[in-house]
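Given next are the chains, with one letter for each unit.
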Amino acid sequence: MLGVLIVLSLFAAQLVRLQGLDAASVSAAALGQRLTTKAIPAARGSITDVDGEQLAVSVERRRIIADPTLVVDYKRTEKGPDGETEVVGEGFTAAADVIAEITGADATELTRRLTEPLGEQYTILVADASPQQWQEIKAAGIRGVDVEEFMRRDYPLGEAAAPLLGWIGSGDMPAGGLELVNDEALTGQPGEAVYEVGRDGEIITTGVYEEDPAQPGQDLRLTLDADLQWRAYDALRTRVEEAGAVSGYAAVMDIETGELRALTSYPSFDPSDTTQSAEAMRNAAIEDVYEPGSTSKLITAAAALEQGIAEVDTPIEVPVTMSRGGSRFKDVEPHPTWYLTFAGVLAKSSNMGTILYGEKLSDQQLYDWMRRFGIGEPTGLGLPGESPGLVPEPSTWSATTRYTFMFGQGLSGTMLQQLGVFQAVANDGVMVPPSIIAGTVDEDGRYTEAEQAGGERVISPETSQTLTDIMQSIPSTEGTAPLAAIPGYHVAGKTSTASRVDPDTGRYEGGVTSSFMGFAPADDPKYAVAVVVQRPTRISEYGGVIAGPVFSDLMRYALQRDGIAPATTPPTQVEIEFDPDEKVPGQENVTLGDLAIKDERTDG
Amino acid sequence: MTTILDRPRGKAGAAAGVTQGWSVQSVGEWLRSPVAPYYLALVSASVLTGLGLVMVLSASSVGSYRDNGNSYTVFLDQLVFGVAGIALAVVGSRLPVAVWKKLAWPGIFLALALQLAVFTPLGIEFQGNRNSLSVAGFSLQPAEFGKIALVVFGAAVLAAKRRVIYKPVHAAVPLIFPFGLLLLGLVLQGRDLGTGLILLAIIAGLLWAVGLPARWFVGLGAVGGVGVAVLAAGSANRMQRIQTWIGGICDSPQVEGCFQKVHAEYALADGGWWGLGLGESREKWGLLPEPHNDFILAIIGEELGLPGSLAVLSLFAVLAYACFRIVTQATDGFTRLAAAGIMVWFLGQALLNIGSVIGMLPIIGVPLPLVSSGGSALIAALIGVGLLLSLARSLPGADDALRRRTGPLRRTLAAVPSVGVARRGRTRPAARAGGRPGGRR
């Protein structure tokens, strides 16, 4: 008895030491063994269209992982008909079957992943499963099967907006597009949870749990309209394929604000596929430069009107051919001598007619007007990779550059730069830089509007009105681009069929660039639309034929979505041709033909 | 005598170490009474069993949920075994000692038969140990019943040979040879070292109690010590256990062989002075192995603090004291020896278990009697308690005194708190005046 008491006393003393005197440091070590830290990923902000429709959204996903050394002991049980629990399968194959039934993965492949794990105690079974699938797997109670959480970026519009939005590459790093430019706002602040875990990593519910919650990123609201964006992409893709073309771009812009409602290019890429080259993932709509061709005649015409060189009815006698700078110029379609007004030259897109009045401008004036309309510098859209284009300075010009400049060859720019010219003309002469980001929405739903650059007047309201009047005659059933017309609406627009430089050789061997740009309704313009198709090989080469129908489709869709009423008055008519024999009013002996600007130079 | 009979309700309080206003003198007087061993054994065993059930529920809940999807599976099994064991204990406590004595030979043969059955297809091999039987869906560990059988058998044969015990042949036959060695051999064959040690201790304890000369124990102890040293040195596993015990190498659970020891220390340290609270254990979340079995004391210490773990030690001390009183007061040889056997069994096993948990002994792997989970161990231990109570009743004057009480109903009501509170209120002033003159505050 005494011995028992002595031993018990010794034990009691040891207990006092373990639980009392030495407890603090040992307990701290014990806590240290149990504590684990888990990062709580911050939800990346969504990118939405102007109405809040999701364009890029992060969704919670689960990666199903496993420790094969534990899974091997798994026994799959079922209640038999007699109510007894029966083992119906064991080990890897049974576990693989269960997971395959839930996720739809291939059971053989799952078994292989268990038998040939990535590490001794780690293998990835299902790389991308839904949280609900994980709950079902968890309920199956396979010891050793665990989960990793991650966020997957989904792009509901897929290819239609991929080059614009960008994508999330490996390591959750944004790669390109708006995802990259606005990464700081979109990325939140990751949080952290510290808690005690048991043997299998389960949270000890009675233990320490401290959480520093994650701060989700801000949502980005674009000026884009998801429906319009999709329609633009779809129509463009169809047209590029029909025409056997290399590529194409399209944009829809709000004239008053410069906000882009759609900006797309084809071919595009699948933003969820990470195995493609960066080359294929460029945003061609803002990175590709091309020689704009006839749409650029709008600048020459505006300059002539602003400089007082010509008026809308200035008679111009366009010859069959003419020589300038040692080269012979002609129009796209052969024609006899044309007696066109200034308006007619623009409406019929006569190269020679343009040269005839344009050559009254000096080299510097031509150059300055180009730059004034924003050609040769980035539009300020703020997307990565935007090209400034190239407008050579007059000192570097060859003998013919001056003339080709007038009808948009010998310089290069992007579609958005060209569209900007139309925006300015449509907006009473005030150019507003294009924008794509409307604002941000923070965690609490507060909307902060993005700062928008102000507009700048480039031409007078009178000039813009004159040009609008002239351009109304083009996309009409009687005009040169009837396919671009929209029944019931007055549309102003301009075709272009430009010689295309082959990007590989640097020579004019690349076919043509066919485009159509314009705005509507002409009397109170709401939208400007640009459609560009590179190197069409089928149907036609003409911009009005290739790009016109896409333009018409998009513009009509945009106008009708906004509920803009069709025109009730007939369109403004301008005189396209003149009668060279008609007497000039008030001057008996002078005919219009005498006054007309003609090719009087013989210096070739 | 009359004093005692007037105050039957005070025994529970005295056994639990609470004076309830009794004076030191009156408590001492009661302790010397013939019924004290009965009540001390009854109360300490009951509290240990009750505490065991509560702690098995707490300690097993996490593991049970993980393995069975139900936090209560292990506990409900234990509860069923507990109820069966308590019924057997009640029956056993009412059996006259003479009947127990008659069970000696059938008991030892039954125990041997069951132990042999382990090596038939009925036996179950688990983690290299072959020490259980599968009976009607339950797993039965015959060695646990072997303990009680050995105690009864040993006490019976040695009591008969009391006068010739100085002759080595009579001391050894038939207790050691053939029955003791057979049983021990079979248990060790099943690789159950812990139970083997307990059986060995029971045999030695019985021989000591019957009065075998001390020089025999010195000799046997020397032989045993050398044997243990040879066995230990011959096995890397055993050497490692000794190394982790006294080598001072366990400063983290990752050190090989230290996992259990260090996590037991963690549990006790987490509990600290006052414990984390019932159900709040952290180490039971799959970290400390066998939290509801071999290491249940660590969970008691973690959840109930130092008061909890020291209470377990105190309860075993009280149980030991009850056994000791029976040994010293018994006039009958069988009673004396059987009580000594029970004492060696319960206390030996308890000390081995507690010593393992608190790092003062190598980890041997025996359950804490009456407390740890395990149906066979609990039922066998409760049968042992029944035997102990039967022995206590047979003490001179005890049965008489117990019979004069008004019966089970009165004894049951005595445990109802309201009665105790009323009594306490009435007796407190007297206690202050007598027992603690200065008062506490």
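Up top is the structure these notes are about.
Source: prediction; values computed, not measured. As a convention, each chain's residues are numbered from 1 in the sequence order in which they are written. For this description, chains carry letters from A and ligands carry numbers from 1, given in the order in which they are written. Predicted model: local features are reported for residues with pLDDT of at least 70 only, side-chain atom pairs are reported and counted for 80 or more only, and whole-chain, interface and lining totals are derived from all residues. Side-chain descriptors were evaluated using all non-hydrogen atoms of the structure, hydrogens and water having been removed beforehand.

### Some thoughts on the interface of chain A and chain B
The extent of an interface is frequently quoted as the accessible surface area lost upon association of the parts.
Then comes step 1: Chain A puts 33 residues into the contact, and the matching count from chain B is 37 residues.
Then comes step 2: Defined in terms of a 1.4 Å probe, buried area is the accessible area two parts forfeit on being brought together, summed over both. With both chains or domains summed, chain A and chain B bury close to 3,000 Å², and 71% of this area falls on carbon and sulfur atoms.
Then comes step 3: It is A:M1, A:F11 and A:Q19 in chain A that bury the most area against chain B; as a group they hold 24% of the surface buried on that side.
Then comes step 4: Throughout this description, the term salt bridge denotes a Lys or Arg side-chain nitrogen within 4 Å of a carboxyl oxygen of Asp or Glu. For the pair chain A and chain B, the interface holds 4 salt bridges.
Then comes step 5: Across the salt bridge formed by B:R66 and A:E202, the nearest N and O atoms sit 3.9 Å from each other.
Then comes step 6: In protein, a polar contact means a hydrogen-donor-capable atom and an acceptor-capable atom, both N or O and within 3.5 Å, with residues adjacent in sequence counting only if both atoms are side-chain atoms; elsewhere, any N or O pair within 3.5 Å suffices. Where chain A touches chain B, the interface holds 10 residue pairs in polar contact (both at pLDDT 80 or more).
Then comes step 7: For the purposes of this entry, the term helix denotes a DSSP run of H or I that reaches at least four residues, the term strand denotes a run of E that reaches at least two, and both are numbered from the N terminus. Secondary-structure elements contributing two or more residues to the side of chain A that touches chain B are α1 (2-21) and α2 (23-34) of chain A.
Then comes step 8: The element best represented in the side of chain A that touches chain B is α1(A), accounting for 14 residues.
Then comes step 9: All residues other than Ala, Val, Leu, Ile, Met, Phe, Trp, Tyr, Cys, Pro, Asp, Glu, Lys and Arg, Gly among them, are scored as polar; the first ten of these are nonpolar and the last four charged. For the side of chain A that touches chain B, the per-class residue count stands at 19 nonpolar, 9 polar and 5 charged. The contact criterion used throughout is that any non-hydrogen atoms of two residues lie within 4.5 Å.

### Digging into a nonpolar patch on the surface
Residues and elements named next belong to chain B.
Then comes step 1: Each patch is built from residues lacking any salt bridge and having more than 30% relative accessible area; the joining distance is 9 Å for like charges and 5 Å for nonpolar side chains (Val, Leu, Ile, Met, Phe, Trp, Tyr). All accessible-area figures derive from a Shrake-Rupley calculation using a 1.4 Å probe, and residue coverage is judged against the displayed protein chains alone. A cluster of nonpolar side chains, namely Y72, L76, L79 and V83, defines an oily patch on the protein surface of about 360 Å² accessible area.
Then comes step 2: Tracing the chain through its elements places Y72 in the loop between α4 (36-68) and α5 (73-94).
Then comes step 3: Any residue under 20% of the maximum accessible area for its type is buried, any over 50% is exposed, and the rest in between are partly exposed; the area is computed with a 1.4 Å probe on protein chains only. A relative accessible area of 46% means that Y72 is categorised as partly exposed.

### Concerning the environment of B:A229
All names here are of chain B.
Then comes step 1: With respect to the secondary-structure elements, A229 resides in helix α12 (residues 214-233).
Then comes step 2: Here A229 falls in the partly exposed class, since its relative accessible area comes to 45%.
Then comes step 3: In this structure the C-alpha to C-alpha distance between A229 and M239, which are 10 residues apart in sequence, comes to 9.7 Å.

### Quick notes on the environment of B:L51
All names here are of chain B.
Then comes step 1: Examined against the element boundaries, L51 turns out to sit in helix α4.
Then comes step 2: Residues L51 and L370 lie 319 residues apart in sequence; the distance between their C-alpha atoms is 9.0 Å.
Then comes step 3: Look past the residues within four positions of L51 in its chain and what remains in contact with it is I300, L304 and V312.

### Here we look at the pairing of strand β2 (residues 129-135) of chain B
Residues and elements named next belong to chain B.
Then comes step 1: In the sheet, strand β1 (residues 123-126) pairs with β2 via 4 bridges, with the strands oriented antiparallel. From the neighbouring strand, G123 faces β2, where its bridge partner is L133.
Then comes step 2: When β2 meets strand β3 (residues 138-140), the two strands line up antiparallel, connected through 3 bridges. Bridging from a neighbouring strand, L133 pairs with L140 of β3. Here, a strand pair is defined by DSSP locating no fewer than two bridges between the strands.

### Digging into the state of the cysteines
Residues and elements named next belong to chain B.
Then comes step 1: Disulfide assignment relies on a single distance test, namely cysteine sulfur atoms paired within 2.5 Å. Inspection of every chain in the model, using the stated rule, returns 1 disulfide over all chains.
Then comes step 2: Between the sulfur atoms of C250 and its disulfide partner C258 the distance amounts to 1.9 Å. When the S-S torsion is -75 degrees, as for the bridge of C250 with C258, the disulfide is left-handed. Neither C250 nor C258 differs from the other in exposure class; each is buried.

### A word on empty space enclosed by the protein
All names here are of chain B.
Then comes step 1: As defined here, a cavity is a set of points on a 1 Å grid over the protein atoms alone where a 1.4 Å probe fits but cannot get out. A pocket is an open set with protein on both sides within 12 Å along at least five of seven lines, and residues line them when an atom is within 4 Å of a point. Grid points are joined across faces, edges and corners, and a volume is the space filled by probe spheres set on the points. Applying the stated criterion across every chain, the model contains 5 cavities of 30 Å³ or more.
Then comes step 2: Estimates place the volume of the second largest cavity at around 80 Å³.
Then comes step 3: Residue lining of the second largest cavity: E144, W345, F346, Q349, P367, L368, P369, L370, S372, A377, L378 and A381, and that is the complete set.
Then comes step 4: Of all the secondary structure elements, the ones that give two or more residues to the lining of the second largest cavity are α16 (333-357) and α17 (375-393).
Then comes step 5: A breakdown of the residues in the lining of the second largest cavity according to their chemical character gives 9 nonpolar, 2 polar and 1 charged.

### So, the packing of helix α8 (residues 142-160) of chain B against α17(B)
All names here are of chain B.
Then comes step 1: Only the stretch in contact is used when fitting a helix axis, every axis being a line fitted to C-alpha atoms; angles between N-to-C directions are given from 0 to 180 degrees. At a closest axis distance of 7 Å, the pairing of α8 and α17 adopts a crossing angle of 20 degrees. Relative to α17, α8 is oriented roughly parallel. Contacts from E144, F145, I148, V151 and V152 of α8 reach α17 at S376, A377, I379, A380, I383, G384 and L387. Oblique is the label for any angle not covered by the other classes, which are roughly parallel (under 35 degrees), roughly antiparallel (over 145) and roughly perpendicular (65 to 115).

### A closer look at the pairing of strand β10 (residues 191-196) of chain A
Residue and element names in this part refer to chain A.
Then comes step 1: Here β10 lies mainly inside the structure; 5 of its 6 residues are buried.
Then comes step 2: Sheet topology note: the strand β1 (residues 35-40)/β10 ladder contains 6 bridges and is antiparallel. When the bridges of β10 are listed, T36 appears paired with Y195.
Then comes step 3: The sheet contact formed by β10 and strand β11 (residues 209-212) spans 4 bridges and is antiparallel. Bridged to Y195 within β11 is Y209.

### Quick look at the sheet that holds strand β23 (residues 492-499) of chain A
All names here are of chain A.
Then comes step 1: The 5 strands lie next to each other as β14-β13-β25-β24-β23, forming an open sheet whose pairing is antiparallel. Whereas interior strands pair on both sides, the edge strands pair on one side only; in this sheet they are β14 (260-266) and β23. Geometrically, the sheet is characterised by an average inter-axis angle of 5 degrees between neighbouring strands, direction not taken into account.
Then comes step 2: As judged from the 8 bridges shared by strand β24 (residues 512-520) and strand β25 (residues 527-534), these two strands associate in the antiparallel manner. Among the inter-strand pairings, S514 is bridged to a residue of β25, identified as V533.
Then comes step 3: The sheet contacts of helix α17 (residues 415-426) involve β13 (247-254), β14, β23, β24 and β25, and relative to β24 the element is tilted by about 30 degrees.
Then comes step 4: Helix α20 (residues 548-561) contacts β13, β24 and β25 of the sheet and is inclined by roughly 155 degrees relative to β25.

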